[in-house]
Amino acid sequence: MKRVVVLVWLCLAAASAAAVESVSLHALFKDKAIFVIDGARRMLTRGGDASPEGVRLLSTDTAAEQAEIDINGRHEVVKLGMVMGGFSPTTAASVTLWAEPSGHFYADGMINGRPVKMMVDTGATSIAMSGTDAKRLGIDYQRFGSGGYANTAGGVVKTYRLTLESVQVGPITLYNVDAGVVEGNFPREILLGMSFLSRLSMKRDGNQMELTQR
């Protein structure tokens, strides 16, 4: 275990869901790290849930003695011996989508760094895609996903639950986003569901939809 004496003072934008005043990184492991966040000791795991304060662990690098974290949508690198502070409030990232003639909203973006076009679907609990699309994006869902079954109009199909490393729409990037993969060619389009949308502010005005990062 490596002791890290980094202290990060973080002044977040007022739009943040919860203001984090201080983060201290105390220990670093492979895919795990111990933090003290606003005085509370937290063990965070890569790909795991965020702390109650909204801090997620994205990655650890014990050789470089650094950790990547996401704080309510803000991506930071914490490194041994480095002190960070004096952040100024920033304007929250936002993107405007326009409805197509079909009435559906589509978003061009990226999943795990690869370009995609997704249909906004507030009725989908998570991002959803077919096995065909998952393979095209280089997602090994059979190896890393949790298998299950679902009833569809075409019968019972094999499904997989997994976590995407990153999902980007315009200037908005979120990390560790839940997704579902359905074996085969359905759904025909990648669905941008609530595992992504629920972490944003959504405003619709007629054929216009604005997504804003919290």
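Cut-offs used in this document
Here the residue numbering is sequential within each chain, running from 1 through the sequence in written order. Thresholds applied to this predicted model are a pLDDT of at least 70 for local features of residues and 80 or more for the giving and counting of side-chain atom pairs; totals over whole chains, interfaces and linings are not thresholded and use all residues. For the side-chain quantities, the full set of heavy atoms in the structure was used; hydrogens and water were omitted. Numbering goes from the N terminus for both helices and strands, where a helix is a DSSP run of H or I of at least four residues and a strand is a run of E of at least two. A simple rule labels every residue: compare its accessible area, found with a 1.4 Å probe on the protein chains alone, to the largest value its type can have, and call it buried under 20%, exposed over 50%, or partly exposed in between. Any two residues whose heavy atoms approach within 4.5 Å at even a single point are treated as in contact. Note on areas: these come from Shrake-Rupley sampling with a 1.4 Å probe, and a residue is covered only by the protein chains present in the view. A strand pair is defined by DSSP finding two or more bridges across the two strands. The rule for a salt bridge is simple: a side-chain nitrogen of Lys or Arg has to be within 4 Å of a carboxyl oxygen of Asp or Glu. Both cavities and pockets are sets of points on a 1 Å grid over the protein atoms alone; in a cavity a 1.4 Å probe fits but cannot get out, in a pocket the set is open with protein on both sides within 12 Å along at least five of seven lines, and lining residues sit with an atom within 4 Å of a point. Grid points are joined across faces, edges and corners, and a volume is the space filled by probe spheres set on the points. Note that Gly is not counted as nonpolar here; it falls among the polar residues with everything else outside the nonpolar set of Ala, Val, Leu, Ile, Met, Phe, Trp, Tyr, Cys and Pro and the charged set of Asp, Glu, Lys and Arg. Pairing of aromatic rings covers Phe, Tyr and Trp, the last counted by its six-membered ring, and requires centre-to-centre distances within 6.5 Å; plane angles under 30 degrees mean stacked, over 60 mean edge-to-face, and any other angle means tilted. By the criterion adopted, a ring carries a charge over it if an Arg CZ or a Lys NZ lies within 6 Å of its centre and within 35 degrees of its normal. We define a nonpolar core as any set of buried Ala, Val, Leu, Ile, Met, Phe, Trp, Tyr and Cys residues linked to one another through side-chain atoms lying within 4.5 Å. Counted as a polar contact is a pair of N or O atoms within 3.5 Å, where, for protein atoms, one must be capable of donating a hydrogen and the other of accepting one, and residues adjacent in sequence contribute only when both atoms are in side chains.

Caption draft 1: Quick peek at the overall build of the protein chain. On a plain count of helices and strands, the protein chain comes out with three helices and 17 strands. The burial tally for the protein chain puts 43% of its 214 residues in the buried class. At a minimum sequence separation of 6, the contacts of the protein chain that also span at least 24 residues come to 50%. About 11,200 Å² of surface is accessible on the protein chain, with carbon and sulfur atoms providing 50% of the total.

Caption draft 2: Representation of the pairing of strand β16 (residues 200–205) in the model. As defined by bridge partners, β16 adjoins strand β17 (residues 208–213) across six bridges and the pair is classed as antiparallel. Within β17, the position partnered with Leu200 by the bridge is Gln213. Counting the residues that bridge the hairpin from β16 to β17 gives two residues, and of these Gly206 lies at a positive phi of roughly 65°.

Caption draft 3: View of the pattern of salt bridges. According to the stated counting rule, one finds five salt bridges in the structure shown. Here Arg46 and Glu165 are joined by a salt bridge, their closest N and O atoms 3.7 Å apart. On the criterion of sequence distance, the pair formed by Arg46 in the loop between β4 (40–45) and β5 (55–61) and Glu165 in strand β13 (residues 155–169) is long-range, its members being 119 residues apart. For Arg136, the salt bridge identified is with Asp133, shortest N-O distance 3.3 Å. Within this pair, Arg136 and its partner Asp133 are both found in helix α1 (residues 131–136), separated by three residues, close to a single helical turn. When its relative accessible area of 46% is taken as the criterion, Arg136 is described as partly exposed.

Caption draft 4: Structural detail: the layout of surface pockets. In this structure, the largest pocket encloses a volume near 440 Å³. What lines the largest pocket is a set of 18 residues, and nearest its centre among them are Arg46, Asn112, Thr163, Leu164 and Glu165. Breaking the lining of the largest pocket down by element, the ones donating at least two residues are β5, β13 and β14 (172–182). Sorting elements by how many residues they give to the lining of the largest pocket places β13 first, with five residues. Its residues assigned to classes, the lining of the largest pocket shows six nonpolar, eight polar and four charged.

Caption draft 5: Geometry of the packing of aromatic side chains. A complete count under the given rule lists one aromatic pair for this structure. The lysine or arginine in question, Lys117, covers the ring of Tyr106, its NZ or CZ lying 5.0 Å from the ring centre.

Caption draft 6: A look at the nonpolar core. Within the largest apolar cluster, 31 residues are counted, with the highest numbers of intra-cluster contacts made by Ile111, Ile127, Met129, Leu192 and Phe196. Discounting chain neighbours no more than four positions away, the residues touching Ile111 are Val116, Met118, Met129, Leu137, Ile139, Leu164, Ser166, Val167 and Ile190. Formed by 14 residues, the second largest nonpolar core is a distinct cluster that contains Val20, Phe35, Ile37 and Ile69.

Caption draft 7: Local environment of the side chain of Ser195. Here Ser195 lies in helix α3 (residues 194–197). Owing to a relative accessible area of 11%, Ser195 belongs among the buried residues under this scheme. Only 3.1 Å separates the side chain of Ser195 from the backbone nitrogen of Ile127, close enough to count as a polar contact.

Caption draft 8: Structural detail: the environment of Tyr149. Tracing the sequence through the fold places Tyr149 in strand β12 (residues 146–152). The contacts of Tyr149, once residues within four sequence positions are left out, are Val156, Val157, Lys158 and Thr159.

Caption draft 9: Just unusual backbone geometry, in detail. In this model, Phe186 is joined to Pro187 through a cis peptide bond whose omega is 0°. Examined against the element boundaries, Pro187 turns out to sit in the loop between β14 and β15 (190–192). Positive phi values are uncommon outside glycine, yet Asp31 reaches one of about 65°. Looking at Asp31, the relative accessible area reads 29%, which means it is partly exposed. For Asn112, which is not glycine, the phi torsion reads 50° and is therefore positive. Following the sequence through the fold, Asn112 ends up in the loop between β9 (106–111) and β10 (114–120). Residue Asn112 is classed as partly exposed on the basis of its relative accessible area of 29%.

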